[in-house]
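Structural characterization, general
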Amino acid sequence: MIKLNTVETILDQAIKANVKEFRESKKEYYYWNAKVNECERGSKDYLKYTIFADQHFYEYMTIKHTLIRLFPDYEEKIIDGLYGNS
């Protein structure tokens, strides 16, 4: 007999496959955002650090929102899994 995966099993696998990259991008965003806040607005470093921060912000938000679009009924579980609240 073939056993099919449930939606929740597939969701758990999707979260597990993305949680490391999500958390790393989130960590990198906060790192670069702190560097932005240390710089003088308009400086070369300010622009460079802002680009790095934005890149990581969009990456971790894309992971989160892609999972939510794929599994809209499980938004809370996705957020808990990615942010480590479970």
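The text that follows walks through the structure, step by step, so that each part is easy to find. (Residues numbered from 1 in each chain as written. Predicted model: local features only at pLDDT ≥ 70, side-chain atom pairs only at ≥ 80, totals over all residues. Heavy atoms only, no water.)

A look at the packing of aromatic side chains
For the structure shown, the criterion picks out 10 aromatic pairs. With a centroid separation of 4.9 Å and an interplanar angle of 80 degrees, the aromatic rings of Tyr31 and Trp32 are classed as edge-to-face. Among the residues examined, Tyr31 registers a relative accessible area of 43% and is labelled partly exposed. On the accessibility criterion, Trp32 (16% relative accessible area) is buried. (Phe/Tyr/Trp six-rings, centres within 6.5 Å; stacked < 30°, edge-to-face > 60°. Buried < 20%, exposed > 50% of the residue type's maximum accessible area, 1.4 Å probe, protein only.)

A few points about the pattern of salt bridges
A full pass over the atoms with the stated rule returns two salt bridges. The salt bridge involving Asp12 is made with Lys77; its shortest N-O contact spans 3.0 Å. Taken together, the positions of Asp12 in helix H1 (residues 7–38) and Lys77 in helix H3 (residues 75–83) put the pair 65 residues apart, joining distant regions of the chain. (Salt bridge = Lys/Arg side-chain N within 4 Å of Asp/Glu carboxyl O. Helix = DSSP H or I, 4+ residues; strand = E, 2+ residues; numbered from the N terminus.)

Structural notes on the environment of Val36
Structurally, the position occupied by Val36 is in helix H1. Here the alpha-carbon distance between Val36 and Ile51, two residues 15 residues apart in the chain, equals 9.5 Å. Not counting residues up to four positions away in its chain, the partners in contact with Val36 are Tyr46, Tyr49 and Thr50. (Contact = heavy atoms within 4.5 Å.)

Things to note about the environment of Glu21
Mapped onto the secondary structure, Glu21 falls in helix H1. In this structure the C-alpha to C-alpha distance between Glu21 and Asn37, which are 16 residues apart in sequence, comes to 24 Å.

Observations regarding the nonpolar core
Grouped together as the largest cluster of nonpolar side chains are 20 residues, with contacts concentrated most on Ile15, Leu67, Ile78 and Leu82. Broken down by secondary-structure element, the contributors of at least two residues to this core are H1, helix H2 (44–70) and H3. Discounting chain neighbours no more than four positions away, the residues touching Ile15 are Leu67, Lys77, Ile78, Gly81 and Leu82. (Core = buried A, V, L, I, M, F, W, Y, C linked by side-chain atoms within 4.5 Å.)

What about the side chain of His56?
With respect to the secondary-structure elements, His56 resides in helix H2. Look at His56 and you get buried, because its relative accessible area is 15%. Beyond its immediate chain neighbours, meaning those up to four positions away, His56 contacts Ser25, Glu28, Tyr29 and Trp32.

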